Amino acid sequence: MTAAGRGIGALSLLVSVVGIAGCPSRELPPPPAQDEPKKEDAPFCGKVFRDAKLRGGAQCCVQPSAGLLKSADVAAACGVAAAAYLGETRDGAACRLYFQVAGSDAKETYAMVSHPVIPSGAPAPMGPDPLLPWKWKKVALRDALGYVAVGSADESALLEKQTVLWAGRGRRIVGLHVSKQVCTPAQAEALLQKVIDAVP
């Protein structure tokens, strides 16, 4: 037998072994029934609040703001019932938690936290950004700087509805907007302490 004959014989043996071993079983499971309704996957964050006005649609909050403010924190600090929590949604890099308050539009009753990241090498902020449109007053926080917005020439209507706060501890800073229908200003300051303590 020549080398070419041995090569052809080995090749045919290899093809027959692969053909037998590589053939799928004739007893495949039946395809899934088309009648079953497809369940919508639950988001990883739990409840998502649906507000068509928010850019990007309803989505779970993302880092660095995700998880800094929890519905249980708002319930504990502000006396809101746990059942009033409607869900969260992201607003850019900020995170909003919505609550149902009697006699109020749910889209206006939320607590929003933002946590901008300060790059390494940059000096630690000693107060709110001077480009923000508000005048600020210091508030007492444990181991952190705290400020509350007290006036604005062009956004005074916002301050009638919300308490706007800022806190910083080194390079870790947070902004907090809380509807006055959800928390009183004093309760919002207590909530600010919880948020700045939650920043890693």
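Refer to the preceding data block for the structure.
Note that the structure is a prediction, hence the values are computed from the model and not measured. (Residues numbered from 1 in each chain as written. Predicted model: local features only at pLDDT ≥ 70, side-chain atom pairs only at ≥ 80, totals over all residues. Heavy atoms only, no water.)

J.: Help me out: how do you make sense of the pairing of strand S3 (residues 110-114) in this one?
T.: Along a regular strand, successive side chains alternate from one face of the sheet to the other. In terms of burial, S3 is a largely internal element, 4 of the 5 residues being buried. Where strand S2 (residues 94-99) and S3 come together, 4 bridges link them in antiparallel fashion. Within the sheet, the bridge partner assigned to Leu-97 lies in S3 and is Ala-111. Strand direction decides the pairing type here: S3 and strand S7 (residues 172-179), joined by 4 bridges, are antiparallel. Considered in S7, the bridge of Ser-114 is made with Gly-175. (Buried < 20%, exposed > 50% of the residue type's maximum accessible area, 1.4 Å probe, protein only. Helix = DSSP H or I, 4+ residues; strand = E, 2+ residues; numbered from the N terminus. Pairing = 2+ DSSP bridges.)

J.: Sorry if this is basic, but what is going on with the packing of aromatic side chains here?
T.: What characterises a pair of aromatic rings is the spacing of the ring centres plus the angle enclosed by the ring planes. Within the structure shown, the criterion is met by 5 aromatic pairs. Ring centres of Tyr-85 and Phe-99 lie 5.6 Å apart, and the angle between their planes is 55°; this geometry places the pair in the tilted category. Taken together, the residues Tyr-85 in strand S1 (residues 85-91) and Phe-99 in strand S2 connect sequence positions 14 residues apart. On the numbers, 5.5 Å between centres and 55° between planes, the contact of Tyr-98 with Tyr-110 is tilted. Placement of the pair is Tyr-98 in strand S2 and Tyr-110 in strand S3, with a sequence separation of 12 residues. A residue is classified by how much of its surface remains accessible, and Tyr-110, at 7% relative accessible area, is buried. Three or more aromatic residues link up through ring pairs in this structure, and these residues are Phe-49, Tyr-98 and Tyr-110. Arg-96 extends its terminal NZ or CZ atom over the ring of Tyr-110, reaching a point 4.3 Å from the ring centre. (Phe/Tyr/Trp six-rings, centres within 6.5 Å; stacked < 30°, edge-to-face > 60°. Lys NZ or Arg CZ within 6 Å of the ring centre and 35° of its normal.)

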